Amino acid sequence: MESSIEGRVYKFGDNINSDIIIPGRYLIYIDRERLGQHAFEMLGEGFPDKLRGFDILVAGRNFGCGSAREQAATAIQGLGIKAVVAASFARTFYRNAINDGLPIVESPELYAAVQEGDEIRIDLEAGKIHHAGKEYSFPKMPESVRKILELGGLANYLKTQLQP
Amino acid sequence: MLLCSGRVREPGCHGVVLEAHLGMTIAEKILSAKSGKTSVSPGEIVEAFPDLVMSHTATWRSASVMQRIGATKLYDPNRLAIVLDHISPAKTEKYAADQQTSRNFARNNGVTKFYDVDAGIAHLVLMEAGHVLPGDLIVGTDSHCTIYGSLGALGTGIGYTEVTSVWITGKLWLKVPESIRFILEGRFPAGVYSKDLMLHLIGKLGADGCNYKSVEFYGGAVPDLSISERMTMTNLAMEMGVKCAFFPPDEKTAEYLKGRLEDPSRYRPVLADADVNYEQDIRVDISQLEPMVACPHEVENTKPVGEVTGTHIDQVFLGSCANAKYEDLVVAAGILKGRHIHPGVRMIVTPGSKKIMLEAMNSGVLQTLMESGALVTNPGCGACAGDGGTLADGEVCLSTANRNFIGRMGSNKSQIYLSSPATLAASAIEGVIADPREYVK
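Just so we're clear, the structure is a prediction, and the values are computed from it rather than from any experiment. (Residues numbered from 1 in each chain as written. Chains lettered and ligands numbered in written order. Predicted model: local features only at pLDDT ≥ 70, side-chain atom pairs only at ≥ 80, totals over all residues.)

A. Structural view of the overall build of chain A. A tally of helices and strands in chain A yields 7 helices and 7 strands. Reading chain A from its N end, one meets helices and strands in the order β-α-α-β-α-β-α-β-α-β-β-β-α-α. Relative to the compact-globule value of 15 Å for 164 residues, chain A shows a C-alpha radius of gyration of 15 Å, a close match. Based on the C-alpha atoms only, the size of chain A along its principal axes is roughly 45 × 40 × 25 Å. Looking at chain A as a whole, 52% of its 164 residues qualify as buried. Considering only contacts within chain A whose residues lie at least 6 apart along the sequence, 68% involve residues at least 24 apart. (Helix = DSSP H or I, 4+ residues; strand = E, 2+ residues; numbered from the N terminus. Rg over C-alpha atoms; globule rule 2.2 N^0.38 Å. Buried ≥ 20, exposed ≤ 12 C-beta atoms within 10 Å, placed from the backbone. Contact = placed C-beta atoms within 7 Å.)

Right under this line is the structure:
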């Protein structure tokens, strides 16, 4: 995981649930690529392919609500998305994203300001998002959480704990 | 006085009695006991040792993580519970192979709390079997673990990799949530049930109305609420975003658990202190409620049934961990007895567990449902998790489940409405969404 993540934004609204992110019928997979092929397909109209040109998802309140399926975070990564910024996250998605190595940031201010296609840069270490000449601050992640993200997720972290 | 009921000695948990501490909620008391602390406060992050780690059909995923990272030893096999409930029995070779992995994992690791595809929905199976006690901390691969709060346990959902982590290390980090108190007064009018109350609350508060929060239910209405109704409520509380939900253990809790516990001395109710500062009190007079329906495609999109009566339906599904308990089947059968469902509707009944199905078989409830035109399936998650009862383009289903998200039961051009078992039964008879109060006067 890079400390600085930048790219083009795709924007969703409120309450994007984990059934929308990855339907239950695909939970037979756990690999990023196959999950990514079906991410958001319930939305129809060219999903998920239309998301492939974007780098960062920005969403409104309660992103990832509903099912505790970890593959919601995996599927987003399968699309090549590098981070999610939302006005707020549902708690299971928040945990799953960290455990899956997907950086997530809460910023209702950025959600209000950003438009689809805008370029933003997230500096995880400094706790800042840069957009259109403005800076938006967010609380820095605890060191333990950053460590899990840096290693690409909880499985890799556990592996380091097992080694003598 | 706070008792520590852990089976092994953990940090700070060496005796059985921890210092009494004033002003703690149920969630705070459980999290402090399970992390070996005398007290905790909202916002604090603790390392807690769960009493039980539930994994359902996702078990193979956790097992594959364990294999991938080269871990071989479980912290305590007695703390694992595995129930194969989603997509059971297997419908494709892939599901069969995954279930085989889960079965082998349980066998090879000495997991005795293993329940195969015949048992039913994990949550209901574990509570029926006496594996859920007041004061327990239970995590699992399912968001609706909140249902364990119906018996006073802190249940909350986590992903499959985190389950692997708890399997190996015995612990996980948890943030201590703020707590909200619901005060319920009055009695349900005829035709109104705990499902209607929860749909009412979710509609008022929104899908994130209680995000990250713990909720506790109190008030004059609570002693009369059956354990089945409490299960529906703590289950549906998830749809307001809660981390956990509780009914303080009472006589009904003790009665439900009587005869179910391997070790009855572990029954030690954890109650909130009298002087707790709740973040919010929400009062509801349940005698003023009407039957409620959640409309597509979000649970918070609720309306009184009167605003949607006459809506065409193709299928009704009486199932799920929210509303496929014995009481739920009895309510539906009470309305359907001597009547037949509308010829334009197919009705699928999926009892929540084998025990529920047997009880409904012995009492004649299954016969009533079948004679009225219902298809009765094996127990499990069934159509709620997309197993059978799939919806085609343009079809409409009225379901007693807890989610109506787009495409959850099939086509993304289908629609799901949610209701109580009574509203479902009345609607099945009329072929359109109908008011159950016409049938239960």
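B. Quick look at the sheet that holds strand β10 (residues 179–185) of chain B. Residue and element names in this part refer to chain B. Read across the open sheet, the 4 strands follow the order β12-β11-β10-β13; overall the sheet is parallel. The open sheet has two free edges, formed respectively by β12 (244–246) and β13 (280–285), since each of these has just one partner strand. Across the sheet, the mean angle from the axis of one strand to that of its neighbour is 20°, orientation sign disregarded. Relative to strand β11 (residues 214–218), β10 is paired through 5 bridges, and the arrangement is parallel. Residue pairing for β11: Phe182 is matched across the bridge by Phe217. (Pairing = 2+ DSSP bridges. Axes fitted to C-alpha atoms, helices over the stretch in contact; angles between N-to-C directions.)

C. Structural view of the environment of B:Ala27. Residues and elements named next belong to chain B. Inspection of the secondary structure puts Ala27 in helix α1 (residues 26–34). Under the C-beta neighbour-count criterion, Ala27 is labelled buried, with 29 such atoms within 10 Å. Residues contacting Ala27, with those up to four places away along its chain left out, are Leu154, Val176, Pro177, Ser179, Ser214 and Cys244.

D. Seen up close, helix α7 (residues 227–236) of chain B. All names here are of chain B. The buried count for α7 comes to 9 of 10 residues, which makes it a mostly enclosed element. All buried positions along α7 are accounted for by Ser228, Glu229, Arg230, Met231, Thr232, Met233, Thr234, Asn235 and Leu236. Buried residues in α7 make contact with α6 (194–205), β11, β12, α9 (320–323) and α10 (326–336).

E. Structural detail: the nonpolar core. A:Ile76, A:Val84, B:Ile138, B:Val316, B:Ala332 and B:Leu369 are the most contacted members of the largest nonpolar core, which totals 196 residues. For this core, the element with the highest residue contribution is α10(B), accounting for 7 residues. Shared between two domains, this core takes at least three residues from each, and those domains are domain 1 (52–174) and domain 2 (293–438) of chain B. What B:Ile138 contacts, discounting residues up to four positions off in sequence, is B:Pro50, B:Asp51, B:Leu52, B:Met54, B:Val132, B:Cys145, B:Tyr148, B:Ala153, B:Leu154 and B:Gly155. (Core = buried A, V, L, I, M, F, W, Y, C linked by C-beta atoms within 7 Å. Domains from an automatic or database assignment.)

F. The interface of chain B and chain A, seen in detail. Taken together, the 35 residues of chain B in the interface contact 31 residues of chain A. Contributions of two or more residues to the side of chain B that touches chain A are made by α2 (59–69), α3 (93–108) and α5 (160–169) of chain B. For the side of chain B that touches chain A, the class distribution of residues is 12 nonpolar, 12 polar and 11 charged. (Nonpolar A, V, L, I, M, F, W, Y, C, P; charged D, E, K, R; others polar.)

G. Representation of the domain arrangement of chain B within the structure. Residues and elements named next belong to chain B. We note that the domain assignment places domain 1 (52–174) and domain 2 (293–438) within chain B. The straight-line distance from the C-alpha centre of domain 1 to that of domain 2 is 27 Å. Each residue belonging to the side of domain 1 that touches domain 2 can be placed in one class, and the counts come to 6 nonpolar, 5 polar and 4 charged.

H. Fine view of the packing of α2(B) against α3(B). Residue and element names in this part refer to chain B. One way to put it is that α2 packs onto α3 with a least axis distance of 8 Å and a crossing angle of 65°. On the basis of the axis angle, α2 is roughly perpendicular to α3. Like other packed secondary-structure pairs, α2 and α3 cross with a definite hand, here left-handed. Along its contact with α2, which presents Thr59, Trp60 and Ala63, the element α3 presents Asp98, Thr101, Ser102 and Phe105. Of the residues assigned to the contact of α2 with α3, the class counts are 3 nonpolar, 3 polar and 1 charged. (Parallel < 35°, antiparallel > 145°, perpendicular 65-115°, else oblique. Left-handed = near helix turned anticlockwise from the far one by under 90°.)

I. Region of the structure containing helix α11 (residues 354–362) of chain B. Residues and elements named next belong to chain B. Taken together, the buried positions of α11 are Ile356, Met357 and Ala360. Down the axis of α11, the buried side of the element spans an arc of 100°, and every buried residue falls inside it. On the buried face of α11, the contacting elements are α10 and α12 (365–371). Phi turns positive one or two residues past the end of α11, at Gly364, with a value near 90°. (Arc of directions from axis to C-beta.)

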